[in-house]
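# Close look at the chain arrangement
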Amino acid sequence: MYKVLLVPALGMAADAPVFETAHLAARMFDAHVAFLHVRVDVREMIVAMASSDMGGGGISGIVDRMEKDSLTQEQVAHKGFEDFRDRTKLPVATVPNGAGVSVEWRTELGDMSVWLAAHGRSADLLVVGRARDDEPVAMDVLEAGLMDTGRPLLIVPAKAPETLTGTVTIAWKDTPEAARAVAAALPFIDKAERVVILSVQEDETTTEESCERLLRALHWHNKNTTRQYLRATNDQPLVQTLIDAAANAGTSLLVMGGYSHSRLREVVFGGFTRHIMTGTDLPVLMAH
């Protein structure tokens, strides 16, 4: 069960669906939600610029603009948090108070990827967005949440879902990463109306036998669990076959392991993880 959720507050329009999805998950588990904003450390930028060929006046002007932009973004992020709190009437707390869902505002100075990883390691679940004002979320932030925390990552699409437990769909592959994702998703699986295991025949590591073992195990958590085998075609990539099958199943939450291969191979060859991180409208729970 998730009791502590961590949500990055970026000060952008894409925060709204992330906040709403975190609230949706928090209500399911009476969880505490910590909102984290990281303000850019302009002093580090000064050091970097001081070693460049820019003149002092140029550096000063850029630093002033960066300071102003950083302060503005922090104010926007905090206002988004306050608006969310006013709308939900959730209490602020830093220690358990027995009042159900509660929230907390945290700020740090430096790099979001670094602080997200640091705070994320003591959370139960990270809830992050997929888009920032029509631009992809910086991959280093998503990868820090996935690779550097040891915690599951709930990736939210541009529109907040109405439920996370209608149909929970598992993208199964016989790997430790997929197994950890399923384990992390058990709180949602236990509450789901139904569970669908999708197995894409990508290579010899994905077998019907392992899929059947997972099916038998998950029946102890949710009796309404079924499985479906998918076959690749020449018409589209494997990842699109998976996404289409998940959409046809009416998926509320897609569960999958992240980066079964090295990140370098994923970058060079595409890969499921990066495509899912940036190319689907489904909420995705991912673990590495």
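Residues numbered from 1 in each chain as written. Predicted model: local features only at pLDDT ≥ 70, side-chain atom pairs only at ≥ 80, totals over all residues. Heavy atoms only, no water.

### Concerning the overall build of the chain
Heads up, the rule is: Put simply, DSSP H or I for four residues or longer makes a helix, DSSP E for two residues or longer makes a strand, and each gets a number counted from the N terminus. Exposure categories follow from relative accessible area, calculated using a 1.4 Å probe and restricted to protein chains: below 20% of the type maximum is buried, above 50% is exposed, and the middle band is partly exposed. Should any heavy atoms of two residues lie within 4.5 Å, those residues are counted as being in contact. Method for areas: the Shrake-Rupley scheme with a 1.4 Å probe, in which residue coverage is limited to the protein chains shown.
A tally of regular secondary structure across the chain gives eleven helices and twelve strands. Burial analysis of the chain (288 residues in total) assigns 49% to the buried set. Partitioning the contacts of the chain with sequence separation of at least 6, the portion at a separation of at least 24 is 78%. Looking at the chain as shown, the accessible area adds up to about 13700 Å², and 53% of this sits on carbon and sulfur atoms.

### Re the pattern of salt bridges
Our working rule: The working definition used for a salt bridge is a side-chain nitrogen of Lys or Arg within 4 Å of a carboxyl oxygen of Asp or Glu.
Per the counting criterion, the structure on display carries eight salt bridges. One salt bridge in this structure joins Arg-39 and Glu-67, with 3.9 Å as the shortest N-O distance. One end of the pair, Arg-39, is in strand E2 (residues 32-39); the other, Glu-67, is in helix H3 (residues 56-88), with 28 residues separating them in the sequence. Given a relative accessible area of 35%, Glu-67 falls into the partly exposed group. Two residues, Glu-82 and Arg-85, come together in a salt bridge whose shortest N-O distance is 3.3 Å. Highlighted residues: Glu-82 and Arg-85, both in helix H3, separated by three residues, approximately one helical turn. Given a relative accessible area of 25%, Arg-85 falls into the partly exposed group.

Keep in mind these numbers describe shape, not what the thing actually does.
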